[in-house]
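Single-letter residue listing:
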Amino acid sequence: MTTLTTAGPRRLPFRGRFQGAALGVAAWLAGILFVLPILWMALTSFHSEADAATNPPSLAASLTLDSYREFFGAGGGASPWPSLINSLTASLASTLLTLLLALPAAYALSIRPVKKWTDVLFFFLSTKMLPLVAGLLPIYLFAKNSGLLDNIWALVILYTAMNLPIAVWMMQSFLAEVPVAIIEAAQIDGARLPTILGRVVAPIALPGIAATSLICFIFSWNELLFARVLTGVVAETAPVFLTGFITSQGLFLAKVCAASLVISLPVLAAGFAAQDKLVQGLSLGAVK
């Protein structure tokens, strides 16, 4: 006759618990290290220019909203709203156009792979290895001869071309996880390719699409080099508007911090709103 005993919950050995606690502390320290510059920038934006320029900076300095008032044109300066609207237009339009082009391309490279699809992916990725400044002059001459200087749609086309390789590369790995049996069942029911992409593939790969769109939006929103060269007054974007606060004379640190924080808010808000989709999408296909 045997006696059955109920075992209690397994406890990790002391070494395992110590390693887990050490990793947790290291993660918190890394998080604080990354967030600290943003918090410092936010605190500096609420200081006066004189207090922001002190060395070492004073944490107990009085707080004021003067830098934000000046950023939004309260002191007679230029309004930031046209630049913010231009950045939002270029980023959203280029991201949408990138997704519309990347989805069928990734479908062809993953679910219905073409010959030597790995070489095609490497070619896409190799286009990102070219330094941006190397293509600056040809693109400027093309925009000048085409009458696209200081035109927001020139930036939309340019940002789409810049983000398309990384979007195809990312979405190819996401779409590779879509079960082929579901697509074959849709084809048996008479669904055509646009229906398959829109109603079958897209809902399944939604986390990957969200992660790709967020990364493309961030890249487009933060781009400065081409926007600085190809735009003037009409199509000026938010990063270009931000550089106007840096002068050779006078104090501008608090104002730059305020402008940087305001311009960063759309990207931070988008990342916070889609953080679950971003993590799920970036980890999709990492483990099986």
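Residues numbered from 1 in each chain as written. Predicted model: local features only at pLDDT ≥ 70, side-chain atom pairs only at ≥ 80, totals over all residues. Heavy atoms only, no water.

Draft legend 1. Summary view of the nonpolar core. Formed by 27 residues in total, the largest nonpolar core has its most connected members in Tyr 107, Ile 111, Met 171, Leu 175, Ile 183, Ile 196 and Val 201. Listing elements by their share of this core, those giving two or more residues are α4 (81-110), α7 (152-175), α8 (180-188), α9 (193-204) and α10 (206-222). When residues in this core are grouped by element, the largest group, 7 residues, is from α7. Residues in contact with Val 201, not counting those within four places in the same chain, are Tyr 107, Ile 111, Leu 175, Val 178, Ile 183 and Ile 196. (Core = buried A, V, L, I, M, F, W, Y, C linked by side-chain atoms within 4.5 Å. Buried < 20%, exposed > 50% of the residue type's maximum accessible area, 1.4 Å probe, protein only. Helix = DSSP H or I, 4+ residues; strand = E, 2+ residues; numbered from the N terminus. Contact = heavy atoms within 4.5 Å.)

Draft legend 2. Examining the side chain of Glu 223 more closely. Along the chain, Glu 223 turns up in the loop between α10 and α11 (225-230). Polar side-chain contacts of Glu 223 include one of 2.7 Å to the backbone nitrogen of Phe 226. Here Ala 227 takes part through its backbone nitrogen, which lies 3.2 Å from a polar atom of the side chain of Glu 223. In contact with Glu 223, other than residues within four places in its own chain, are Tyr 159, Met 162 and Pro 239. (Polar contact = N/O pair within 3.5 Å; in protein donor to acceptor, adjacent residues only side chain to side chain.)

Draft legend 3. Expanded view of the side chain of Asn 163. Along the chain, the position of Asn 163 falls in helix α7. You can call Asn 163 buried: its relative accessible area is 3%. Here the side chain of Asn 163 touches Ser 220 through a polar contact of 2.9 Å, side chain to side chain. Setting aside anything within four residues of it in sequence, one finds Asn 163 in contact with Thr 98, Cys 216, Phe 219 and Ser 220.

Draft legend 4. The arrangement of the pattern of salt bridges in detail. This model, assessed by the stated rule, comprises 2 salt bridges. Arg 69 is the salt-bridge partner of Asp 66, the closest N and O atoms lying 2.8 Å from each other. Remark: Arg 69 and Asp 66 occur in helix α3 (residues 66-71); sequence separation between them is 3 residues, near one turn of the helix. Accessibility expressed as a relative area gives 39% for Asp 66, which makes it partly exposed. Using a relative accessible area of 44% as the deciding quantity, one classes Arg 69 as partly exposed. Notably, a salt bridge pairs Glu 70 with Lys 255, separated by 2.9 Å at the nearest N-O pair. On the criterion of sequence distance, the pair formed by Glu 70 in helix α3 and Lys 255 in helix α13 (residues 253-273) is long-range, its members being 185 residues apart. (Salt bridge = Lys/Arg side-chain N within 4 Å of Asp/Glu carboxyl O.)

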